[in-house]
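# Reading the structure
Each chain, written out:
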Amino acid sequence: RTGEVTAFDPTVDDRFTTPMPVEKIGEMIAGKCDTTAIPDYAKDPTGSKGLMKDTMVCAEFNPDDIAKFRIKEEWVFDKESSRMYARILGIAPMRTYTDQNTGVVLGEAPIFWVYYPDLRPTLAKFEVYNGKNFGARMSWEELFESRFFSSYIVKSTIENPYDMYIK
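These figures come from a predicted structure and were not determined experimentally.

Cut-offs used in this document
Residues numbered from 1 in each chain as written. Predicted model: local features only at pLDDT ≥ 70, side-chain atom pairs only at ≥ 80, totals over all residues. Heavy atoms only, no water. Patch = residues over 30% accessible without salt bridge, like charges linked within 9 Å, V, L, I, M, F, W, Y side chains within 5 Å. Areas by Shrake-Rupley, 256 points an atom, 1.4 Å probe, with all protein chains shown as cover. Salt bridge = Lys/Arg side-chain N within 4 Å of Asp/Glu carboxyl O. Helix = DSSP H or I, 4+ residues; strand = E, 2+ residues; numbered from the N terminus. Buried < 20%, exposed > 50% of the residue type's maximum accessible area, 1.4 Å probe, protein only. Core = buried A, V, L, I, M, F, W, Y, C linked by side-chain atoms within 4.5 Å. Contact = heavy atoms within 4.5 Å.

### Focus on a nonpolar patch on the surface
Residues Trp 75, Phe 77 and Met 84 make up a contiguous nonpolar surface patch of about 360 Å² in total accessible area. Position of Phe 77 relative to the elements: it lies in strand S4 (residues 66-78). For Phe 77, a relative accessible area of 48% translates into the label partly exposed.

Printed below as a string of structure tokens:
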């Protein structure tokens, strides 16, 4: 909201080309507001007449809907030192979509992409909570740079001209 970091639209591509407005990010996180009819007890205290009034109902953001993050990285082989290193390019929170009636998980999709070098100063300000180790404090930036996370590869650019995901 402050404009320090720009969010990019994941439906276009994952190359940080199309910025998303803040309003669209709010819709993607919490959903749109909906109008629904509820009983009007001000005009009909007993509810016997069946008078209804329209009211706005807005869904709230549930942090439990975001269970993982998609990280876009670039792996580079340094010929001088003969070693591989990873450079994080972007991070996207993945939202889990469930059917409201049955509770069945429908799937996951990224909400937005954030360019990691722009996000890095913000991540350096906040500490990671580790309930098992209070002595070794670290920031979110240290966690990502030290690669203290588990991951698996979902897409590669090697021999992938159609930009397809790995099955």
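Back to the write-up after that little detour.
### Some details on the nonpolar core
Ile 91, Phe 112, Tyr 116, Leu 123 and Phe 144 are the most contacted members of the largest nonpolar core, which totals 14 residues. Contributing elements (two or more residues each) for this core: strand S5 (83-98), helix H2 (116-123) and helix H3 (140-145). The greatest single-element share of this core, amounting to three residues, is contributed by H2. Apart from the residues within four sequence positions on either side, Ile 91 is in contact with Phe 69, Arg 70, Ile 71, Phe 112, Trp 113, Val 114, Tyr 116, Leu 119, Leu 123 and Phe 144. Formed by five residues, the second largest nonpolar core is a distinct cluster that contains Phe 16, Leu 89, Ala 92 and Trp 113.

### Some details on the side chain of Ser 139
Within the fold, Ser 139 resides in the loop between H2 and H3. Those residues in contact with Ser 139, other than ones at most four positions away along the chain, are Leu 123, Ala 124, Phe 126, Glu 127 and Val 128.

### A word on unusual backbone geometry
In this structure, Phe 16 takes a positive phi of about 60° despite not being glycine. As for its position among the elements, Phe 16 is in the loop between strand S1 (7-8) and helix H1 (22-30). By relative accessible area, which is 17% here, Phe 16 ends up buried. With a phi close to 60°, Arg 147 is a non-glycine residue in the positive phi region. Taking relative accessible area as the criterion, Arg 147 reaches 30% and is therefore assigned partly exposed.

### A short note on the pattern of salt bridges
In the structure shown here, the tally under the stated rule is 11 salt bridges. For the salt bridge of Asp 14 with Lys 155, the shortest nitrogen-to-oxygen distance reads 3.1 Å. Taken together, the residues Asp 14 in the loop between S1 and H1 and Lys 155 in the segment after H3 connect sequence positions 141 residues apart. Residue Asp 14 is classed as buried on the basis of its relative accessible area, which comes to 15%. Residues Glu 127 and Arg 137 are paired through a salt bridge, measuring 3.5 Å at the closest nitrogen-oxygen approach. Highlighted residues: Glu 127 in the loop between H2 and H3 and Arg 137 in the loop between H2 and H3, separated in sequence by 10 residues. With a relative accessible area of 48%, Glu 127 lands in the partly exposed category. One connected set of salt bridges, linked through shared partners, spans Asp 14, Lys 72, Lys 155 and Asp 163.

Any link to function would need more than the numbers given here.
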